[in-house]
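# Structure at a glance
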Amino acid sequence: MAREISKKTIKDQWRRKIMEISGENVYKCMQCGTCTASCPMNCDVDAPPRAVMALIQFGQAEALDHLNTPWVCASCHMCDVRCTRGIDIPRVMEALRQIKLRENVDHVEPSNLQPEEVVDLPTIAMVAGMRKFTS
Ligand code: SF4
Ligand code: SF4
């Protein structure tokens, strides 16, 4: 998909925050794709780790917002042990999750649930759904 890379779409503060939380320098990524080739979750993610790194480099916060990659990532470290630039990619994924969770947006809207669903729903699952699956 074509993306507009301009001052209008680059979210520099978001990019800095990712580097601050993760402690990783995303600019070191040279897009070799070794992480993607190593990732066991590659078939289940919307965008592979290499593409996530590219989106961060270009400050594409909105493009990354709806991707499931940070949430599907199993933190298995296959990518970072093989990364040609020594980047700890799982830490970057964790930073993306942290930033999203800090928005404190509920994923589940209780008023949209059907009564028959509420009857069968364990309360704790509903509470967890409102916070844990924030995305
Ligand atoms: S840590 Fe995440 S991104 Fe890296 S290889 Fe494992 S599942 Fe893929
Ligand atoms: S392996 Fe490292 S340098 Fe290569 S694309 Fe992935 S993050 Fe970038």
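Remember, it's a predicted structure, so these values are computed and weren't measured experimentally.

We now examine the state of the cysteines. Following the criterion strictly, the structure yields 0 disulfides and no others. Of all cysteine sulfurs in the structure, the one in Cys39 sits closest to Cys43, which takes part in no disulfide; the separation is 8.9 Å.

Another point: the domain arrangement of the protein. Considered domain by domain, the protein is made up of domain 1 (12-103) and domain 2 (106-135). Computed from C-alpha atoms alone, the centre-to-centre distance between domain 1 and domain 2 is 29 Å.

Let's shift gears to the packing of helix α1 (residues 12-22) against helix α7 (residues 89-102). Their axes nearest at 8 Å, the elements α1 and α7 cross at an angle of 120°. Comparing their axes, α7 and α1 come out oblique. Pair α1 / α7 crosses with right-handed handedness. Only Arg91, Val92, Ala95, Leu96, Ile99 and Arg102 of α7 make contact with α1, whose side of the interface consists of Trp14, Lys17, Ile18, Ile21 and Ser22.

A separate point is α7. If you check α7, its first and last C-alpha atoms are 20 Å apart, about what 14 residues at 1.5 Å a residue would give, namely 20 Å. Ile89, Pro90, Val92, Met93, Ala95, Leu96, Arg97, Ile99 and Lys100 are the residues of α7 that are buried. As for α7, its buried residues are in contact with α1, α2 (34-38), α3 (49-57), α4 (61-65), α5 (69-72) and α6 (78-82). Directly beyond the C-terminal end of α7, a positive phi value near 55° is found at Asn104.

Definitions and cut-offs
Residues numbered from 1 in each chain as written. Chains lettered and ligands numbered in written order. Predicted model: local features only at pLDDT ≥ 70, side-chain atom pairs only at ≥ 80, totals over all residues. Heavy atoms only, no water. Disulfide = S-S within 2.5 Å. Domains from an automatic or database assignment. Axes fitted to C-alpha atoms, helices over the stretch in contact; angles between N-to-C directions. Helix = DSSP H or I, 4+ residues; strand = E, 2+ residues; numbered from the N terminus. Parallel < 35°, antiparallel > 145°, perpendicular 65-115°, else oblique. Left-handed = near helix turned anticlockwise from the far one by under 90°. Contact = heavy atoms within 4.5 Å. Expected span 1.5 Å × (residues − 1). Buried < 20%, exposed > 50% of the residue type's maximum accessible area, 1.4 Å probe, protein only.

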